[in-house]
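# Breakdown of the fold
Next come the chains, spelled out residue by residue.
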Amino acid sequence: IDTTVLGRVLERGLSADDRLCQFVATVSDRPGGIAKLTEILCEEGASIKDIYHERAWLYTNVDQVHVKIVVELHGTEHAKRVKKALLSKGYPLQWNIELDSR
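Residues numbered from 1 in each chain as written. Predicted model: local features only at pLDDT ≥ 70, side-chain atom pairs only at ≥ 80, totals over all residues. Heavy atoms only, no water.

## Notes on the packing of aromatic side chains
Applying the stated criterion across every chain yields a total of one aromatic pair. Ring geometry for Phe-23 against Trp-95: centres 4.9 Å apart, planes inclined by 15°, an arrangement best described as stacked. Taken together, the residues Phe-23 in strand β1 (residues 20–28) and Trp-95 in strand β4 (residues 93–95) connect sequence positions 72 residues apart. For Phe-23, a relative accessible area of 0% puts it in the buried group. For Trp-95, a relative accessible area of 17% corresponds to the buried category. (Phe/Tyr/Trp six-rings, centres within 6.5 Å; stacked < 30°, edge-to-face > 60°. Helix = DSSP H or I, 4+ residues; strand = E, 2+ residues; numbered from the N terminus. Buried < 20%, exposed > 50% of the residue type's maximum accessible area, 1.4 Å probe, protein only.)

Printed below as a string of structure tokens:
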């Protein structure tokens, strides 16, 4: 078995089981803005697999940044808890979307 193909199959399985979720959050583009977001993810037990922030191609305020994140979770209920925690802290989200390739 090709290990690269096996890795892709595993990631697709994790995604199908809501154990791998991707989302975009809008955060303050000031020192600590991304840190506050990642602290919430830590408190909720989400494991960050990938993170990328975008400043240039946004249609938001100049003091905001989009953070594209892929997290590993324990399933659907865990995903709901993480999403609820972020929304309750005021983060606008686009949840489980197709992220553009970088």
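## A look at helix α3 (residues 76–88)
Look at α3: 18 Å from first C-alpha to last across 13 residues, which is about the 18 Å you get at 1.5 Å a residue. Among the residues making up α3, those that are buried are His-78, Ala-79, Val-82, Ala-85 and Leu-86. Looking down the long axis of α3, one finds its buried residues gathered within 130° of arc, a one-sided arrangement. Those residues of α3 that are exposed and angled more than 90 degrees off the buried face are Glu-77, Lys-84 and Ser-88. Those residues of α3 hidden inside the fold are in contact with β1, α2 (33–43) and β4. Just downstream of α3 lies Gly-90, where phi reads positive at about 90°. (Expected span 1.5 Å × (residues − 1). Arc of directions from axis to C-beta. Contact = heavy atoms within 4.5 Å.)

## Details of the nonpolar core
Ranked by internal contacts, the top residues of the largest apolar core, which has 19 residues, are Phe-23, Leu-37, Leu-41, Val-71 and Leu-86. Breaking this core down by element, the ones donating at least two residues are β1, α2, β3 (64–72) and α3. Ignoring any residue separated from it by four or fewer positions in sequence, one finds Phe-23 in contact with Leu-41, Val-67, Lys-68, Ile-69, Val-71, Leu-86, Leu-93, Gln-94, Trp-95 and Asn-96. (Core = buried A, V, L, I, M, F, W, Y, C linked by side-chain atoms within 4.5 Å.)

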